[in-house]
Amino acid sequence: MGDTVFEGFRLSPQQRRLWRLQDGGRVYPARAVLALEGDLDPEGLRRALEAVVARHEVLRTTYCRLPGMDLPVQRIGEHPVFSLDVDPPAAEPPSGAEDLENGPVARFVLVRTAAREHRLRISLPALAADEPSLRFLASEIALALGGRGEAGEVQYADFAEWQNEILEEEGAQERREVWRASRASLPDLSPLRGRTSPAGRTGFAPAWESLPLPGDLAAAAEEQAGRWGVPLAALLLGCWQTLLWRSLRQPEIVVGCLADGRRIEPLRGVLGLCARSLPVRATLGRGFRMEDLAGANRTAMEEGRTRQEHFLWEDWSEAPGFPVLFDFAEVPPLPGAGGLRLALVSHRAVHEPFELRLSAVRSAGGLGLELGYDASRWNAAEAAALLGRVERLLRGVVAAPETRLEDFDLLTE
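Note that the structure is predicted; figures quoted are calculated from it, not measured.

Visitor: Describe the packing of helix H7 (residues 232-248) against helix H10 (residues 380-399), naming the residues involved and giving the relevant values.
Guide: Contact geometry of H7 with H10 gives a least axis separation of 10 Å together with a crossing angle of 115 degrees. For the element pair H7 and H10, the recorded crossing hand is right-handed. Residues Leu235, Leu236, Cys239, Trp240, Thr242, Leu243 and Ser247 of H7 form the contact with H10, whose own contacting residues are Leu386, Arg389, Val390, Leu393, Leu394 and Val397. Taken together, the residues of the contact of H7 with H10 sort by class into 10 nonpolar, 2 polar and 1 charged.

Right, dumping it as structure tokens:
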């Protein structure tokens with residue numbers, strides 16, 4: 001880099017962990033697909049993307065590691081640099097070989113799928129976006145296409161500095177110690193896996209299976225969660241924990257649950273890696289019922305969110321990450337843009353390794369489940385079977401909510 005002088009900003013704790021996980025290897029991805037229906041002007045889209053990248057510094061931030069430094073600093077570009085390929089020969093998203101030091105980090109591919117229909121594929125490194133970011137970015141693109149939107153008061157570099165300052169405050173070590181004292185054994189998933197790993201796969205290779213839930217089942221689950229006074233996420237997490245407990249025969253199940261770091265109003269519009277996974281531990285045994293488990297999950301998730309800034313993975317475990325994850329996402333409808341209708345078709349961000357990750361996604365189209373799995377250890381048929389068992393367990397819960405956890409039928413038809 002020669003003698004170039006620039007202003008650099010510290011990585012956030014979330015970015016530091018991710019950088020160490022991927023250092024020297026594959027860049028963890030954040031990907032989304034937007035559907036656009038109507039008369040789309042590609043140059044108008046380019047102007048809208050330029051406005052969005054100009055508004056959000058993290059979309060034009062590169063990561064520069066200076067001599068003698070183990071970690072890079074964030075370097076915010078002055079100009080809204082990004083790439084947009086229109087109807088390229090290969091319409092697949094990039095493979096994850098982003099140039100984090102030189103950029104551009106924000107890359108878009110526009111593909112025409114019919115006379116008045118397009119798909120916009122969004123590609124970012126997970127250092128620059130979590131899944132809430134992708135949802136907000138989709139909304140920002142919709143607003144910019146309609147000539148609306150404005151820069152927020154808080155940028156990601158501000159968020160990162162705030163996160164670092166919290167860890168440097170007086171009393172921070174004591175608050176970190178609370179998390180250290182909660183260390184627990186992580187689940188061993190080998191009894192649940194097939195005997196052989198999928199052929200041709202080495203290293204962490206995330207893949208996904210999806211299962212839309214029937215509308216009647218989704219509505220019944222919502223109603224049951226309401227009767228118990230718990231969020232739907234706590235009930236669905238309970239189903240996931242119960243399946244793991246029944247399958248693994250391990251009394252303690254620890255699941256990493258995604259917590260969004262934007263928990264105060266000024267941070268709601270910040271793009272970037274603000275989320276982290278927090279441990280939720282369930283000690284289960286015969287005679288337990290789902291109402292009690294869902295209530296315990298609600299408490300654990302609420303308490304974890306209030307203390308999340310002091311959770312550092314290196315304080316809690318020496319493993320690379322949680323083998324099992326869970327998250328719940330609300331996907332609001334996107335604003336219209338003139339004569340265009342937009343919809344977020346898919347969005348996924350990977351900011352840590354996992355073996356299994358159950359995601360529940362609620363949108364205008366209904367409630368669906370997605371199972372992320374490490375394809376170097378699992379295959380698609382195994383993942384689909386697990387999703388089917390979660391659905392069957394959920395049906396059992398809403399049909400007979402007083403049933404003990406050990407008595408639910410988990411066999412799929």
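On we go from here.
Visitor: Pulling in residues and values, what's your account of the sheet that holds strand E2 (residues 29-37)?
Guide: What holds strands together in a sheet is hydrogen bonding between their backbones, with the strands either parallel or antiparallel. Pairing in this open sheet of 5 strands is mixed, and the strands run E5-E6-E7-E2-E12 from one edge to the other. Two strands in the sheet have a free side with no partner beyond their single neighbour: strand E5 (83-86) and strand E12 (341-349). With strand direction ignored, the average angle separating the axes of adjacent strands in the sheet is 20 degrees. As paired strands, strand E6 (residues 107-114) and strand E7 (residues 117-125) are joined by 7 bridges and run antiparallel to one another. Among the inter-strand pairings, Arg112 is bridged to a residue of E7, identified as His118. Each of E5, E6 and E7 is contacted by helix H2 (residues 42-55), which is oriented at about 165 degrees to E5, the strand it contacts most. Strand contacts of helix H3 (residues 131-145): E2, E6, E7 and E12, with the helix running at about 155 degrees to E12, the strand carrying the most contacts.

Visitor: Could you give an account of H2, naming the residues involved and the relevant values?
Guide: In this model H2 runs 20 Å from its N-terminal to its C-terminal C-alpha over 14 residues, within 8% of the 20 Å that 1.5 Å per residue would give. Where H2 is concerned, the buried positions are Gly44, Leu45, Ala48, Leu49, Val52, Val53 and Arg55. Contacts made by the buried residues of H2 are with E5, E6, E7 and H3. Its side-chain oxygen at 3.1 Å from the backbone nitrogen of Glu43, Asp41 defines the N-terminal cap of H2.

Visitor: Explain the nonpolar core to me, using residue names and the numbers behind them.
Guide: Membership of the largest hydrophobic core comes to 67 residues, with the highest contact counts inside it found for Leu34, Leu59, Phe108, Leu120 and Ile141. Of the residues forming this core, the biggest block, 6 residues, is contributed by H3. Residues in contact with Leu59, not counting those within four places in the same chain, are Val52, Val53, Val81, Val105, Ala106, Leu124, Leu137 and Leu271. Core analysis: the second largest hydrophobic core is formed by 54 residues, Trp245, Val324, Ala383 and Leu410 among them.

Visitor: Run through the packing of aromatic side chains, naming residues and quoting values.
Guide: Within the structure shown, the criterion is met by 12 aromatic pairs. Taken together, a centroid distance of 5.8 Å and an interplanar angle of 40 degrees make the contact between Trp313 and Trp316 tilted. Of the two residues, Trp313 and Trp316 both sit in helix H9 (residues 313-316), 3 residues apart, roughly one turn of that helix. Taking the relative accessible area as the measure of exposure, Trp316 reaches 3% and is therefore buried. We note Arg307 situated over the ring of Trp179; from NZ or CZ to the ring centre the distance is 4.3 Å.

Visitor: A description of the environment of Arg46 should follow, citing residues and the corresponding values.
Guide: Mapped onto the elements of the fold, Arg46 is located in helix H2. For the pair Arg46 and Phe108, spaced 62 residues apart in sequence, the C-alpha separation works out to 9.7 Å. Discounting chain neighbours no more than four positions away, the residues touching Arg46 are Phe82 and Leu84.

Rules used in this analysis
- Residues numbered from 1 in each chain as written.
- Predicted model: local features only at pLDDT ≥ 70, side-chain atom pairs only at ≥ 80, totals over all residues.
- Heavy atoms only, no water.
- Axes fitted to C-alpha atoms, helices over the stretch in contact; angles between N-to-C directions.
- Helix = DSSP H or I, 4+ residues; strand = E, 2+ residues; numbered from the N terminus.
- Left-handed = near helix turned anticlockwise from the far one by under 90°.
- Contact = heavy atoms within 4.5 Å.
- Nonpolar A, V, L, I, M, F, W, Y, C, P; charged D, E, K, R; others polar.
- Pairing = 2+ DSSP bridges.
- Expected span 1.5 Å × (residues − 1).
- Buried < 20%, exposed > 50% of the residue type's maximum accessible area, 1.4 Å probe, protein only.
- Polar contact = N/O pair within 3.5 Å; in protein donor to acceptor, adjacent residues only side chain to side chain.
- Core = buried A, V, L, I, M, F, W, Y, C linked by side-chain atoms within 4.5 Å.
- Phe/Tyr/Trp six-rings, centres within 6.5 Å; stacked < 30°, edge-to-face > 60°.
- Lys NZ or Arg CZ within 6 Å of the ring centre and 35° of its normal.

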